[in-house]
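Residue-level listing of the chains:
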Amino acid sequence: PASPPSALPYPSSSSSVARQCQHRHQRHSPSSLSAASPMQQDPYPVRLNEFFKRPVPPPIKKAFSIFTETPDIRLDDDAVTVLTAAPGRPGVPRPLWLVMLASLPTGLLWYGYYKFAVEEEMLQYEIDAGIEPQGFGGYGTLGPFTYGMLMGPLAAVLHLPGGMSWSLLGICFIYYTQFLLYERVNQAYGREGLMDPPLQVMWCAPILFPLNVVVGLRQVHFLSQFFYRQRGLKAPLDPVAEFFPFVKAPPFTWQEFFLRPSLWCKLLSDEKDIDLAKLPPLIRQVFDSGTVGTAMPPRQKITIVEAEGSFQ
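Keep in mind that this is a model prediction, so the values were computed, not measured.

Asker: Could you give an account of the nonpolar core, naming the residues involved and the relevant values?
Answerer: Ranked by size, the top nonpolar core spans 51 residues in total, and within it Y114, L223, F226, F246 and F252 carry the most contacts. Counting residues per element, the ones that place at least two in this core are α2 (44–53), α5 (96–103), α6 (109–128), α8 (168–192), α9 (211–230) and α10 (239–243).

What follows is the structure, encoded as structure tokens:
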């Protein structure tokens with residue numbers, strides 16, 4: 001069988017990786033890839049993904065199967081194509097501005113598809129990289145979440161103890177997969193060695209607003225940057241990340257976020273850091289309880305590491 005494009009920084013994990021269809025894209029099933037992986041036969045995340053994928057109608061599975069790009073078969077980079085693209089190998093770069101543009105007007109419905117796609121792509125990346133898969137794939141993520149959410153209404157109709165509270169199972173599971181996704185993005189950056197892991201994983205807790213929003217936006221941005229490099233492309237500027245520097249800034253602590261206005265907005269780029277000594281004692285105690293304390297590191301120019309490449 002043919003090998004995947006040499007621009008990919010990871011080897012193929014099975015013979016079925018190179019199975020090609022005469023269609024607009026080369027497509028394959030991530031579950032079938034891992035089945036022949038020399039690293040491990042059918043890891044649990046892949047089996048879970050396959051379990052929830054099995055009842056999906058074949059036309060839908062075919063439409064959303066992973067496609068492999070080659071130098072001769074490339075995905076167009078216009079907004080409509082990116083928004084409607086099936087999961088890719090390497091992953092499809094979905095810049096933050098485009099994710100927000102599609103998610104907000106649809107009441108986050110499109111973000112559900114984004115979640116499906118990136119989970120499929122990250123699972124495929126882990127399989128191809130020869131590492132133990134940690135995520136559950138798109139089907140293994142949205143499947144348990146959907147069934148978990150349906151347990152609440154079902155329990156209420158059947159007058160079971162707990163009633164709608166059973167839907168909390170789905171909510172807890174999707175937050176767990178988000179936690180895993182942040183950690184996997186950090187590990188991907190660690191393997192590259194271009195910069196420190198960009199995400200504060202624990203900020204994903206729903207009680208940590210607005211930090212959970214901050215880390216969520218950073219995840220979308222840094223994952224898109226990673227996929228641009230995986231495809232050998234230079235990432236274009238993201239207007240959202242340019243206007244809100246905290247999106248693209250190097251890793252920072254929660255104290256730095258709240259005390260450094262230059263992180264909040266481009267319009268405040270010249271503002272000095274808030275003097276912690278001038279804040280009320282109770283607030284100073286809160287900030288002193290963290291890892292930074294009153295002595296914040298000097299302000300640094302926000303830079304983004306970019307790596308260019310090309311298909312060989």
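Now that the structure has been shown, we can carry on.
Asker: Break down α8 for me, citing the residues and quoting the values.
Answerer: Compared with the 36 Å implied by 1.5 Å per residue over 25 residues, the 36 Å span of α8 between its first and last C-alpha is a close match. Just downstream of α8, G193 is the residue with a positive phi angle, here 75°.

Asker: So what about the packing of aromatic side chains? Which residues, and what values?
Answerer: Note on aromatic pairs: each is described by the distance of the centres and the angle between the planes. Summed over all chains, the structure comprises 23 aromatic pairs. Arranged with centres 5.0 Å apart and planes meeting at 90°, the rings of F243 and F244 form a pair that is edge-to-face. Residue classification places F243 among the partly exposed residues on the basis of a relative accessible area of 33%. The class of F244 is partly exposed, set by a relative accessible area of 32%. Taken together through their ring pairs, the aromatic side chains of W203, F243, F244, F246, F252, W254, F257, F258 and F287 make up a single cluster.

Asker: With reference to specific residues and values, describe a nonpolar patch on the surface.
Answerer: The grouping of M151, L154, V157, L158, L160, W166 and L169 at the surface amounts to a nonpolar patch, some 660 Å² of accessible area in total. No other element matches the three residues that helix α7 (residues 137–157) contributes to the nonpolar patch. The topology assignment puts M151 in helix α7.

Asker: Before we move on, could you go through the side chain of K248 and cite the residues and values that matter?
Answerer: Mapped onto the secondary structure, K248 falls in the loop between α10 and α11 (254–259). According to the relative accessible area criterion, K248 is buried, its value standing at 15%. Only 2.8 Å separates the side chain of K248 from the side chain of E242, close enough to count as a polar contact.

Asker: Describe in detail the pattern of salt bridges, supporting the description with residues and values.
Answerer: Where side chains of opposite charge bring their charged atoms close, a pairing between them can arise. For the coordinates displayed, the defined rule picks out 10 salt bridges. Here E69 and R231 are joined by a salt bridge, their closest N and O atoms 2.5 Å apart. Residue E69 is located in the loop between β2 (66–68) and α4 (79–84), and its partner R231 is located in the loop between α9 and α10; the two are separated by 162 residues in the primary sequence. Assigned by exposure class, E69 and R231 land together as buried. Across the salt bridge formed by R229 and E192, the nearest N and O atoms sit 2.7 Å from each other. Here R229 is found in helix α9, whereas its partner E192 is found in helix α8, with 37 residues between them in sequence. Assessed through its relative accessible area of 13%, R229 is described here as buried. Overlapping salt bridges, with partners in common, bring together K115, E119, E126 and R184 in one network.

Asker: I'd like to hear about α9, residue by residue, with values.
Answerer: For α9, built from 20 residues, the straight-helix expectation of 28 Å at 1.5 Å per residue is met to within 8% by its first-to-last C-alpha distance of 28 Å. Taken across its 20 residues, α9 has 18 buried, putting it largely inside the fold. The first or second residue beyond α9 is G232, which carries a positive phi of 70°.

Criteria and thresholds
- Residues numbered from 1 in each chain as written.
- Predicted model: local features only at pLDDT ≥ 70, side-chain atom pairs only at ≥ 80, totals over all residues.
- Heavy atoms only, no water.
- Core = buried A, V, L, I, M, F, W, Y, C linked by side-chain atoms within 4.5 Å.
- Buried < 20%, exposed > 50% of the residue type's maximum accessible area, 1.4 Å probe, protein only.
- Helix = DSSP H or I, 4+ residues; strand = E, 2+ residues; numbered from the N terminus.
- Expected span 1.5 Å × (residues − 1).
- Phe/Tyr/Trp six-rings, centres within 6.5 Å; stacked < 30°, edge-to-face > 60°.
- Patch = residues over 30% accessible without salt bridge, like charges linked within 9 Å, V, L, I, M, F, W, Y side chains within 5 Å.
- Areas by Shrake-Rupley, 256 points an atom, 1.4 Å probe, with all protein chains shown as cover.
- Salt bridge = Lys/Arg side-chain N within 4 Å of Asp/Glu carboxyl O.
- Polar contact = N/O pair within 3.5 Å; in protein donor to acceptor, adjacent residues only side chain to side chain.

Honestly, it's all geometry; don't read function into it.
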